[in-house]
Each structure stands twice: as structure tokens, then as C-alpha cells.
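Single-letter residue listing:
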Amino acid sequence: VEDYLSSLDEPFLVLRMSKLYSTGEEDTSPIRGWLRAFAQGEEAKCATDQYLRPTWNADIPRVVDMLIERAHSGVYHLSSARTYSRYEMALAVASYFDFPGEMVVECSIGDFDFLEDRPRDNTLAADKVVAETGFAFAELDDVLPRIER
């Protein structure tokens, strides 16, 4: 599809996003699931071998507005800069909200029964969009204080 769009000589945007999360109760990301589990005294099994760049959903409309207003065209990755394993991310969440780190249990992504294989590297480098717009994606550590417990 991207090759086809490029061949048209018309402006286009293809936006790829890494793992999105939000700060409200409506959040369907792993963060909300972990917080619910921790609050109920349950452990969370988290893969040490799958990597992602958690991206705050509130950043997406801001950077898209910049791309459109400045008439950018092409393929862009939208993500924060820091890479976490799911395990590291869950530990960061548990620590910030004062849950014991022992509630986060190490496992492999292969330990889960998914219908399809999941990639181990789910990171996207946003270097291009950052260089072209100057946009700074929020990092998880900066957004954790905004997340409703």
C-alpha cells in the first residue's frame, strides 16, 4: 500500500503506532489491566522478551495536527523513545503506584496462548517525525502521575 501511495505523486500519511495507552478508566492497555490486578492482590505475568515503546494516546492528535498543518507526506512512526519489555513496563507501573515488584511475574511471550504469533520486537523509531516536526513524545515516567488509579 505504501509503495502504491508513493507512486501517486499525491500527499499521503501512513502513521504507525506502538503500544498506545491512556490515563483514564477507559484505557484498554496492559497498564489498566495491571493496575486492576494489583489492586485485587493478583500477580501479573509479563513477558521479558517482548519489547515495545509505550505511547500516550494524547500525543497522537497533536503530532498528526503538526504533520497536516506543515503538509508533510510519507510514512511516519509515532512512539515514545524509551523501549521497555512488558516486564520492565509493569515493574515501572507497580513501583509508581506502590505495589510490590513481586506482583510482576516474569514469563516469555511464548507462554501465552495467542491465536497468532506475536512479534518480540514491537518497537518503532520515531526519529523521522521528531526530526521533521520537533515533536517530543511523552515518556511513560512523565505520564504515570496522570493515570487514574
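Just above sits the structure.
Within any chain, residue numbers begin from 1 and follow the written order of that chain's sequence. Two thresholds apply to this predicted model, a pLDDT of at least 70 for residue-level local features and 80 or more for giving and counting side-chain atom pairs, whereas whole-chain, interface and lining totals are computed over all residues. Side-chain measures here rest on the full set of heavy atoms in the structure, leaving out hydrogens and waters.

Side note on unusual backbone geometry
1) Next: The residue Ala 71 is not glycine, and still its phi comes out positive at about 60°.
2) Next: Helix numbering and strand numbering both begin at the N terminus, where a helix is a DSSP run of H or I of at least 4 residues and a strand a DSSP run of E of at least 2. Its place among the elements puts Ala 71 in the loop between α3 (59–69) and β6 (74–78).
3) Next: Burial here depends on accessible area, computed with a 1.4 Å probe over protein chains only, as a share of the maximum for the residue type. Under 20% is buried, over 50% is exposed, and the range in between is partly exposed. Given the relative accessible area of 64%, Ala 71 is considered exposed.
4) Next: A positive phi is found at Asp 98, a non-glycine position, where the angle reads about 60°.

Details of the pattern of salt bridges
1) Next: The term salt bridge refers to a pairing of a side-chain nitrogen on Lys or Arg with a carboxyl oxygen on Asp or Glu at a separation within 4 Å. Under the definition given, this model contains 5 salt bridges.
2) Next: Where Glu 25 meets Arg 32, a salt bridge forms, and the shortest distance between an N and an O atom there is 3.7 Å.
3) Next: Arg 32 sits in the buried class, given a relative accessible area of 2%.
4) Next: The closest approach of N and O atoms between Asp 59 and Arg 62, which form a salt bridge, is 2.8 Å. On the criterion of helical spacing, the pair formed by Asp 59 and Arg 62 is a turn pair, its members being 3 residues apart in helix α3.
5) Next: Given the relative accessible area of 2%, Asp 59 is considered buried.

Describing the nonpolar core
1) Next: Ranked by internal contacts, the top residues of the largest apolar core, which has 25 residues, are Ile 31, Trp 34 and Phe 38.
2) Next: Considering each element in turn, this core owes the most residues, 6 residues, to helix α4 (residues 86–96).
3) Next: Not counting chain neighbours up to four residues away, the residues in contact with Phe 38 comprise Ala 44, Ala 90, Ala 94, Phe 99, Met 103 and Val 104.
4) Next: Counting 11 residues, the second-largest nonpolar core is a separate cluster that includes Leu 67, Tyr 76, Val 129 and Phe 137. Take the buried residues of types Ala, Val, Leu, Ile, Met, Phe, Trp, Tyr and Cys, join any two whose side-chain atoms come within 4.5 Å, and each joined set is a nonpolar core. Throughout, a residue-residue contact means that at least one pair of heavy atoms, one from each residue, lies within 4.5 Å.

Notes on the packing of helix α2 (residues 30–39) against α4
1) Next: Lines fitted to the C-alpha atoms define the axes, with helices restricted to the stretch that makes contact. Angles between their N-to-C directions range from 0 to 180 degrees. Orientation of α2 relative to α4, taken along the N-to-C sense of each, is 55°, at an axis distance of 10 Å. As summarised for this structure, α2 and α4 are arranged oblique, according to the angle between their axes. Regarding α2 and α4, the two cross each other, and that crossing is right-handed. For the pair formed by α2 and α4, the contact residues are Pro 30, Ile 31, Trp 34, Leu 35 and Phe 38 on the first element and Arg 86, Met 89, Ala 90, Val 93 and Ala 94 on the second. Oblique is the label for every angle not falling under 35 degrees (roughly parallel), over 145 degrees (roughly antiparallel), or within 65 to 115 degrees (roughly perpendicular). If you view the pair so one helix is near and one far, a crossing is left-handed when the near helix is turned anticlockwise from the far one by less than a right angle, and right-handed when it is turned clockwise.

A word on the environment of Arg 86
1) Next: Looking at where Arg 86 falls in the secondary structure, it is placed in helix α4.
2) Next: Residues Arg 86 and Pro 54 lie 32 residues apart in sequence; the distance between their C-alpha atoms is 9.6 Å.
3) Next: What Arg 86 contacts, discounting residues up to four positions off in sequence, is Lys 19, Pro 30, Trp 34, Cys 46, Ala 47, Gln 50 and Leu 52.

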